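Understanding the architecture of this molecule
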Amino acid sequence: QRVWFFITFLMTWSELLVTGQHLPKNKRPKEPGENRIKPTNKKVKPKIPKIKDRDSADSTPKMQSIMMQVLDKGRFQKPAATLSLLAGQSVELRCKGSRIGWSYPAYLDTFKDSRISVKQNERYGQLTLVNSTSADTGEFSCWGQLCSGYICRKDETKTGSTYIFFTEKGEFFVPSPSYFDVVYLNPDRQAVVPCRVTVLSAKVTLHREFPAKEIPANGTDIVYDMKRGFVYLQPHSEHQGVVYCRAEAGGRSQISVKYQLLYVAVPSGPPSTTILASSNKVKSGDDVSVLCTVLGEPDVEVEFTWIFPGQKDERPVTIQDTWRLIHRGLGHTTRLSQSVITVEDFETIDAGYYICTAQNLQGQTTVATTVEFS
């Protein structure tokens, strides 16, 4: 037994020497598998590689401002949404692109004003305005154009704009071509009292002439837009009357021209047309007239065209077009447009259908009546 114990001891000692381990004190032998590393409860976020998804859900193209303002000594800067300049200063704007469209105050196009020029260079469009006045106050904008042959459309992702106030001494309001203007109040569209200012800091209020009082811009019925003026969001007959605007700045005040607000009774749409002959049975040698009438909105123009029996034979006729505003009570105003075709010395070739077509921007209406030979 002693020999066997000694042999066992030598074998155990030799194993420790080979493995480099020390014989543990007072510890039981470990069961198979006890040295395995136990999992911990520590949570680790998996690293997901960043992938640029071009077809992501938010695929809306980003807007890119392409407008630059040219300053002195060849310096450039992106113009702010609003600029305030002294009247008399020159303005040069550039928009990057080989095909650029421009928009600027319509006043400058009225007489093809030579003070403004628009040029297209190889890489940019250029707008230049010299000897500016307070009347030039307004929005200047540009956009890139996508063209296929001769057909071009606006590139909504490449645009630029700035609203420029040209301040002139003694002028708070953008000048009006007349001292009294008419604004039509239509029940199904917004109406604008166009009193725009040339001083950005000016406080602007709207006033009724009679009875004299201030009309509040409460943001519900009436709002003030510095780029447009006072906007009637839902016009009705109670808004009619004479109004004006008042601007205050730097301790001084000024009033605008006066505006006559007229309520429109006729809704928008194709012309409401009627036709009437002076007589539907005409004797040989007599004269006959056929009247075509349209009642419509005061500011909507109407064009008339006629088809008549003697047209192919080049029968001489007289056609006269007229229009006027009529008041229909309670301040309602309507435009009366008329066209009269007159045939002198009636003959058999003049008998038949007289057809009138009235057309406006909303559409056209055709009416007809017959004139017989008696």
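Right above here is the structure, for reference.
If you're wondering where the values come from, they're calculated on a predicted model, not measured in any experiment.

1. Focus on the sheet that holds strand β3 (residues 76-77)
With respect to topology, 5 strands assemble into an open sheet ordered β3-β2-β5-β8-β7, the strand pairing being antiparallel. Each end of this open sheet is capped by a strand with a single partner; those strands are β3 and β7 (116-120). Note that β7 and strand β8 (residues 124-129) share 5 bridges and pair antiparallel. Counted as the bridge partner of Ile 116 is Leu 129 from β8.

2. Brief notes about a nonpolar patch on the surface
Together, Tyr 179, Phe 180 and Val 182 give the surface a local cluster of nonpolar side chains, amounting to about 370 Å² of exposed area. Looking at the secondary structure, you find Tyr 179 in the loop between β10 (151-167) and β11 (180-185). Looking at Tyr 179, the relative accessible area reads 77%, which means it is exposed.

3. Points about the nonpolar core
Core analysis: the largest hydrophobic core is formed by 26 residues, its most contacted members being Val 193 and Tyr 232. For this core, the element with the most residues is strand β17 (residues 241-249), which contributes 4 residues. Setting aside its immediate chain neighbours within four residues, Val 193 contacts Val 183, Leu 206, Arg 228, Gly 229, Phe 230, Tyr 232, Val 243, Cys 245, Tyr 259 and Leu 261. If you look at the next biggest cluster of nonpolar residues, it comprises 19 residues, including Ala 277, Trp 306, Phe 308 and Val 343.

4. Comments concerning the packing of aromatic side chains
Evaluation of the coordinates by the stated rule reveals 4 aromatic pairs. With 6.5 Å between their ring centres and 80 degrees between their planes, Phe 140 and Phe 166 make a pair best called edge-to-face. Taken together, the residues Phe 140 in strand β9 (residues 138-148) and Phe 166 in strand β10 connect sequence positions 26 residues apart. The class for Phe 140 is buried, based on a relative accessible area of 1%. Relative to Phe 373, the ring of Phe 346 has its centre 6.2 Å away and its plane inclined at 15 degrees; by these criteria the two rings are stacked. Of this pair, Phe 346 sits in the loop between β25 (332-343) and β26 (352-360) while Phe 373 sits in strand β27 (residues 363-373), placing them 27 residues apart in sequence.

5. Here we look at unusual backbone geometry
Phe 210 connects to Pro 211 through a cis peptide bond whose omega is -10 degrees. Even without being a glycine, Glu 314 presents a positive backbone phi close to 55 degrees. Looking at where Glu 314 falls in the secondary structure, it is placed in the loop between β23 (303-307) and β24 (318-327). Not every positive phi belongs to a glycine, and Asp 345 is a case in point at roughly 55 degrees. In this fold, Asp 345 is placed in the loop between β25 and β26.

6. A look at the pattern of salt bridges
With the rule as written, the count across this model stands at 7 salt bridges. The salt bridge partner of Glu 248 is Arg 246, with a shortest N-O separation of 3.3 Å. Among the residues examined, Glu 248 registers a relative accessible area of 38% and is labelled partly exposed.

7. Overview of the side chain of Glu 92
Here Glu 92 is to be found in strand β5 (residues 91-96). Side chain to side chain, Glu 92 and Arg 94 meet in a polar contact 2.9 Å long. In terms of polar contacts, Glu 92 uses its side chain to reach the side chain of Gln 126, at 2.6 Å. Excluding residues within four positions of it along the chain, Glu 92 makes contact with Met 68, Gln 69, Val 70, Gln 126, Leu 127 and Thr 128.

Cut-offs and rules
- Residues numbered from 1 in each chain as written.
- Predicted model: local features only at pLDDT ≥ 70, side-chain atom pairs only at ≥ 80, totals over all residues.
- Heavy atoms only, no water.
- Pairing = 2+ DSSP bridges.
- Helix = DSSP H or I, 4+ residues; strand = E, 2+ residues; numbered from the N terminus.
- Patch = residues over 30% accessible without salt bridge, like charges linked within 9 Å, V, L, I, M, F, W, Y side chains within 5 Å.
- Areas by Shrake-Rupley, 256 points an atom, 1.4 Å probe, with all protein chains shown as cover.
- Salt bridge = Lys/Arg side-chain N within 4 Å of Asp/Glu carboxyl O.
- Buried < 20%, exposed > 50% of the residue type's maximum accessible area, 1.4 Å probe, protein only.
- Core = buried A, V, L, I, M, F, W, Y, C linked by side-chain atoms within 4.5 Å.
- Contact = heavy atoms within 4.5 Å.
- Phe/Tyr/Trp six-rings, centres within 6.5 Å; stacked < 30°, edge-to-face > 60°.
- Polar contact = N/O pair within 3.5 Å; in protein donor to acceptor, adjacent residues only side chain to side chain.

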